[in-house]
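Residue-level structural notes
Now for the letters of each chain:
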Amino acid sequence: MDVVDGSVPRLILPCEDNEEWAKVEEVLRRPLESLAGLDTVLNEFAADSEQFRCKFFTNTPGSESAGRFDFDAFWKHGVPMMVEVALEMPTLFAGVELPLLLKGVNKSVTLTR
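The rules behind the values
Residues numbered from 1 in each chain as written. Predicted model: local features only at pLDDT ≥ 70, side-chain atom pairs only at ≥ 80, totals over all residues. Heavy atoms only, no water. Core = buried A, V, L, I, M, F, W, Y, C linked by side-chain atoms within 4.5 Å. Buried < 20%, exposed > 50% of the residue type's maximum accessible area, 1.4 Å probe, protein only. Helix = DSSP H or I, 4+ residues; strand = E, 2+ residues; numbered from the N terminus. Contact = heavy atoms within 4.5 Å. Salt bridge = Lys/Arg side-chain N within 4 Å of Asp/Glu carboxyl O. pLDDT = per-residue confidence, 0-100. Phe/Tyr/Trp six-rings, centres within 6.5 Å; stacked < 30°, edge-to-face > 60°. Axes fitted to C-alpha atoms, helices over the stretch in contact; angles between N-to-C directions. Parallel < 35°, antiparallel > 145°, perpendicular 65-115°, else oblique. Left-handed = near helix turned anticlockwise from the far one by under 90°.

A word on the nonpolar core
With ten residues, the main nonpolar core is built from Leu13, Cys15, Trp21, Val24, Val27, Leu28, Val41, Leu87, Met89 and Leu98. Examining the composition of this core, we find that four residues originate from one element, helix α1 (residues 18–29), more than from any other. Residue contacts for Leu98: discarding those within four places in its chain leaves Pro9, Arg10, Leu11, Leu13, Phe93 and Val109. Listed in part, the seven residues of the second largest apolar core include Leu38, Phe57, Ala66 and Phe71.

The following block contains the structure:
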């Protein structure tokens with residue numbers, strides 16, 4: 001964890017480390033065959049914990065808990081857009097230091113794009 005302005009911890013983005021960013025790009029550029037593949041991607045990025053494995057996209061679509069959410073539209077439009085934006089991280093956050101938004105600390109981040 002780094003510090004912004006000498007007092008506020010800042011978020012270290014994966015694109016700040018070339019080796020780490022290469023791993024992220026490799027995962028994001030893999031073709032996804034289905035929504036369940038998103039669970040695999042999320043689990044690769046998560047901390048090494050078998051206790052907290054993402055199964056949302058494997059279990060939720062088509063279930064009662066999905067309600068009226070349109071997972072087909074999400075797969076067709078949302079997933080490609082999110083991957084595209086994630087791959088733009090080095091450009092979007094060039095020269096930006098993001099403070100950690102910690103519980104009980106009054107800070108904010110403004111998104112302009």
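Considering the pattern of salt bridges
Summed over the entire model, instances satisfying the criterion amount to four salt bridges. With a closest N to O distance of 2.9 Å, Arg10 and Glu16 form a salt bridge. Note on Glu16: relative accessible area 39%, which makes it partly exposed. A salt bridge links Arg30 to Glu44; the shortest N-O distance between them is 2.4 Å. You can see Arg30 sitting in the loop between α1 and α2 (36–45) and its partner Glu44 sitting in helix α2, a full 14 residues away along the chain. Relative accessible area serves as the criterion here: at 38%, Glu44 is assigned to the partly exposed category. Connected through salt bridges with shared partners, the residues Glu26, Arg30 and Glu44 form a single ionic network.

What to know about the confidence of the model for the chain
Predicted coordinates in regions of low pLDDT should not be interpreted in detail. The pLDDT averaged across the chain works out to 87; a share of 89% of its residues lies at or above 70. For the chain, per-element mean pLDDT is lowest for strand β1 (residues 2–4), which scores 53, and highest for helix α4 (residues 71–87), which scores 96.

What to know about the packing of aromatic side chains
Per the counting criterion, the structure on display carries five aromatic pairs. Judged by centre distance (4.7 Å) and plane angle (65 degrees), the ring pair of Phe69 and Phe71 falls under edge-to-face. The exposure class of Phe69 is partly exposed, given its relative accessible area of 49%. Since its relative accessible area comes to 9%, Phe71 is described here as buried. The rings of Phe56, Phe57, Phe69, Phe71 and Phe74 are connected pair by pair, giving a single aromatic cluster.

Details of the packing of α1 against α4
It is at 10 Å that the axes of α1 and α4 come closest, and there the two elements cross at 160 degrees. As far as their axial angle goes, α4 and α1 are roughly antiparallel. By crossing handedness, the relation of α1 to α4 is classed as left-handed. Of the residues in α4, those touching α1 at Trp21, Glu25, Leu28 and Arg29 are Val83, Ala86 and Leu87.

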